[in-house]
Every structure is written in structure tokens, then in C-alpha cells.
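Residue-level listing of the chains:
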Amino acid sequence: MEKSDRWFNAYHLRRWLKINSFLSLLVAVSLLHWHQDREKVLLTTELHGLRDDVAASLDYKYLLTCNGKCGPMEKCFLGKCFCLPGRTGSGCQNIRTADWLLTGDHCPVFHTLKEVQEKPVQEYPVEACHIAEKDPLSCGIFCYWQEDAGIIQVPKSSWERVSDIEYAIWKNLEKMGPDDRNPEHAEGLGAFAALPSDLGNYLEIGAGPYTQTNNILNVRNNVRIKNIYLAEPNIFRYLALDNCIYKDNTIHGQRVNLLSLPVEELPATEFFDTVVAINVIEHVFSAIDFLTAVYSALKPGGILVFGERYFDDPDKDALVLGSALLHPIRVKRVFLQHFLRMFDTLYIGDHHTSFAKARGFEESGYYFIGRKKEIFSAFDEPGQAELDTRFPANPF
Ligand SMILES: C[S@@+](CC[C@H](N)C(=O)[O-])C[C@H]1O[C@@H](n2cnc3c(N)ncnc32)[C@H](O)[C@@H]1O
């Protein structure tokens, strides 16, 4: 064989190997994506369980769309129009630019949590309160505050940054756990005693690496679950953590189905008998889409297990939550009440647990276990006085 032929063959062999390893990598990556997508697709088809009579019901559509009665600056939330973020006034036509301390239309500029911890917020340079696309971590997030609901939505780009930080925190805690205020939530929810013994098709939203499912099964060892689903945008990253409770795809020996998505994008309709959401709302990017997804995912008569704080006083909010970094969403009490009145109360508590008292902040919120009403009764619009009795700030 000629030298040039040998060179020719070696050259082609090298190229072939290069192309081949690139192709193998491509195949591996596609397979991984295919596997994850397949899991999502499978679950997506599986999760649609809307009853025909309900699908046809105008009332149900009304609840989700407000029959188009919301103006261009409003968004429908379970039959009621709320202003879009940063909007206020009649028809939500006015732009509201609220700063962190809600004293003007400028806000202090800071970029990292450490920075905020190092000096008082008043010492930062200020800039015009802007919608936080430019720097998702700046106080611009507070431009989203609105009179009727608090901060109910931030840009998804901000949320993605927050989500990364959330994961980094859990990773730092890898040697701790497995417990994210579990005893506190169990106390707040009355040791889950109001739960029926059969939880059927069960979904936990914003499960974190430890889950409240584990907490419930530890405290109430006599409840049965048919299928466990966990919806959590960081789920595949959490799976790699040493102390992730479902690392082997099981909780209490029962297989779990993993949904790697933000709950705002959950495709389930009237599929679940039980939905658990504890300490999640402050972390999402749209409180309306989050709660609407929870509502839609539950069957009528299904059980909601819920534990979230509300913030009516922005100065106090800042004390409890610190910077906007980890908790961009801060909903008002009336906003949660509007959601909770779609359920019959089985248990209600506030956030004045012994743990919160020990922290020394005045935290307000609802710990709630309820049963989703048949949709038609949801239209018995109660007056504020009745709401206050049914969902008192401090029921005890
Ligand atoms: C404070 S942790 C609470 C974890 C868990 N609920 C518990 O109490 O143990 C909040 C969790 O919500 C998740 N999360 C953030 N945005 C979310 C979204 N849009 N949909 C669902 N979960 C979300 C975060 O990744 C994080 O794991």
C-alpha cells in the first residue's frame, strides 16, 4: 500500500472516530432528553381526567376564564379579575411603581444576598423602580406590588435565577436534614389529623428534596396513598443530593412519579384526590397560575393540604422574608381567602406555631386542610365579613 494511502486511511479513521464519538454523545444526550420528555409526555396524557359533564359546564369555564370579563390590564383568578403586576386603580389602568419600602418610585440597588446582609438597605444607591428584566435580583421585583393582591407575579427570568439559588441552598444543606421545618408544619396542620385515611391519587407540589409527603407519612402512619406524584422544577437536581428523601424513587417504600416542571405548567385536570402545597407560593413566578393549577388538578371533593403565609404589611414582609432573592412572591390575605373559599374547611390554623414564636417574627398565614367544593357552590360569593369569620387571621 502507498504511504499516501495509509495516511489517507489513518486520516479517515481519525475522522470516523471523531464523528462517531460526537454522534454517540448526541445519541446519549437525545436519549436522556427523550427519557425525561417521555416521562413528561406519559404523565401529561395520563393526567387528563376531566369529567365530560364538567368539561361542558359553562360555570367551570367561567371560573377559569371569567368569561372574558377581565380588562386588558387584568387577569382572571378563579372567577375574579385581579390587576396585572404593577397595575392599580379602576380597570387597573394606572401604573403603580412601588419600591421596597413603598415610600416612592425609587428602590435601592443590590445584587447579592451577601451584599444585602452587609449594610442597611438605606445605604444603597437608588434607581428608578423598574420592571426587573435588566437585573432580576434587584429590588425591581417590588415594582410588582399591587393593592388588591400583593406581589403575585414576577418575570420567569427572575424566577429561573431564584430557582438556581434555591437549589444551591439545598446543596449546601446536603449534610443536614432530612427536614425543612417538618415539625413546624405538622404542628401548624394539627398533626394532619383531619386527613382521611385514603388519599388516593396524590400530588405534592414544590416538594423540595425532603418532601412533606414523608412528613405526613411519618406522622400519620395509617394513611394510604394509591399513587404518589411529586411536581418540582428542581427535581432532577435534587435527586443527585445525598439527603434527597426520594433518591431511590421511593418514599416509605412506595414508588414515586416525578414531574420536573413548575406547577404553573402542570397539565393535570381533575386527576388528583389529594394535593399538598406547603411553603411553595413564595417561590413560584405566578401565584395565580400556581393556585389555578392546584385547583384544576384536584377532583371535586378532593383534599387540599395547604400551608402558606400572607403579607399585608410590606414593612413587616421585609422583616420576615428579607430580600426578594428567595421569596419574590408575597400575596395578601384576601388573595389566599379568595382561593380557600373554593374549599370546605376540614381544618384551619394560623402561622403562630411555637416555632414561629421562637423565631420572634409576627408571621401570618393559613394552615388549611379542605375539601374542594362542587364547582357550582363556589359561586355563592360570600361578603368580606363572612370570609373573615371563615378564614380569620387568628382563628384561635
Ligand atoms: C421552601 S421549599 C419547600 C419544599 C417543601 N414544600 C417542604 O416544605 O419541604 C420550596 C420549593 O418550591 C420549589 N418551587 C419553586 N418554584 C416552583 C414552581 N413554580 N412550581 C413548583 N415548585 C416550585 C422550589 O424548587 C423548592 O424546592
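Since the structure is predicted, the reported quantities are computational estimates derived from the model, not experimental observations. (Residues numbered from 1 in each chain as written. Predicted model: local features only at pLDDT ≥ 70, side-chain atom pairs only at ≥ 80, totals over all residues.)

**Overview of the overall build of the protein chain**
Scanning the protein chain from terminus to terminus reveals 13 helices and 16 strands. Classification of the 396 residues of the protein chain by burial places 39% in the buried group. Counting only contacts in the protein chain whose residues sit at least 6 apart along the sequence, the fraction spanning at least 24 positions is 72%. (Helix = DSSP H or I, 4+ residues; strand = E, 2+ residues; numbered from the N terminus. Buried ≥ 20, exposed ≤ 12 C-beta atoms within 10 Å, placed from the backbone. Contact = placed C-beta atoms within 7 Å.)

**Description of the confidence of the model for the protein chain**
Mean pLDDT for the protein chain: 76, with 65% of residues reaching 70 or above. Ignoring residues within four places in sequence, the model shows residues 97–104, a span with pLDDT below 50, making 23 contacts including any to other chains. For the stretch residues 130–137, pLDDT sits under 50, and the model shows 23 contacts to residues farther than four places along the chain or on other chains. (pLDDT = per-residue confidence, 0-100.)

**Description of unusual backbone geometry**
In this model, cysteine 92 sits at a positive phi of 60°, which is unusual for a non-glycine residue. Mapping cysteine 92 onto the fold places it in the loop between β3 (87–88) and β4 (94–95). Assessed through the 24 C-beta atoms surrounding it within 10 Å, cysteine 92 is described here as buried. Although it is not a glycine, asparagine 279 adopts a positive phi angle of roughly 60°. Mapped onto the elements, asparagine 279 comes out in the loop between β12 (272–278) and α9 (287–297). Residue class for asparagine 279 comes out partly exposed when judged on the 18 C-beta atoms lying within 10 Å of it.

**A few points about the pairing of strand β13 (residues 298–309)**
Buried residues dominate β13, accounting for 10 of its 12 residues. Inspection of the sheet shows β12 paired to β13 by six bridges, in the parallel sense. Bridge pairing links threonine 274 to isoleucine 303 in β13. Between β12 and its parallel partner β13, the chain crosses via α9, and the hand of that crossover is right-handed. Pairing of β13 with strand β16 (residues 365–372) involves seven bridges; the strand directions are antiparallel. Within β16, the position partnered with phenylalanine 306 by the bridge is phenylalanine 368. (Pairing = 2+ DSSP bridges. Right-handed = clockwise from strand over helix to strand, strands pointing away.)

**Some thoughts on the sheet that holds β13**
An order of β10-β11-β9-β8-β12-β13-β16-β15 is seen for the eight strands of this open sheet, with the pairing classed as mixed. One side of each edge strand has no neighbouring strand; the edge strands of this open sheet are β10 (250–251) and β15 (343–349). α9 rests against β8 (201–205), β12 and β13 of the sheet, and its axis sits at about 155° to β12. (Axes fitted to C-alpha atoms, helices over the stretch in contact; angles between N-to-C directions.)

**Side note on the nonpolar core**
In terms of nonpolar packing, the biggest core is built from 79 residues, with Val275, Val294, Ala297 and Val331 touching the most fellow members. Of all the elements, α9 adds the most residues to this core, at eight residues. (Core = buried A, V, L, I, M, F, W, Y, C linked by C-beta atoms within 7 Å.)

**Some words on the pairing of strand β1 (residues 74–77)**
Every second residue of β1 is oriented toward a common face, the buried set being Lys75 and Phe77 and the non-buried set Glu74 and Cys76. Across four bridges, the pairing between β1 and strand β2 (residues 80–83) is antiparallel. Note that in β2 the partner of cysteine 76 across the bridge is cysteine 81. The hairpin turn running from β1 into β2, its antiparallel successor, is two residues long, and leucine 78 in that turn takes a positive phi close to 45°.

**Concerning the environment of isoleucine 205**
Structurally, the position occupied by isoleucine 205 is in strand β8. Taking the C-beta count within 10 Å as the criterion, isoleucine 205 has 25 such neighbours and is therefore assigned buried. Distance in space between the C-alpha atoms of isoleucine 205 and tyrosine 229 is 8.5 Å, their sequence separation being 24 residues. Here isoleucine 205 is in contact with Ala231, Val263, Val275, Val276, Ala277, Val280 and Val294, once residues within four sequence places are set aside.

**With respect to the environment of valine 276**
Residue position: valine 276 is located in strand β12. A sequence separation of 27 residues divides valine 276 from isoleucine 303, and the C-alpha atoms of the two residues are 8.4 Å apart.

**Section: α9**
In terms of burial, α9 is largely enclosed, as 10 of its 11 residues are buried. Of all the positions in α9, only Ala287, Ile288, Phe290, Leu291, Thr292, Ala293, Val294, Tyr295, Ser296 and Ala297 are classed as buried.

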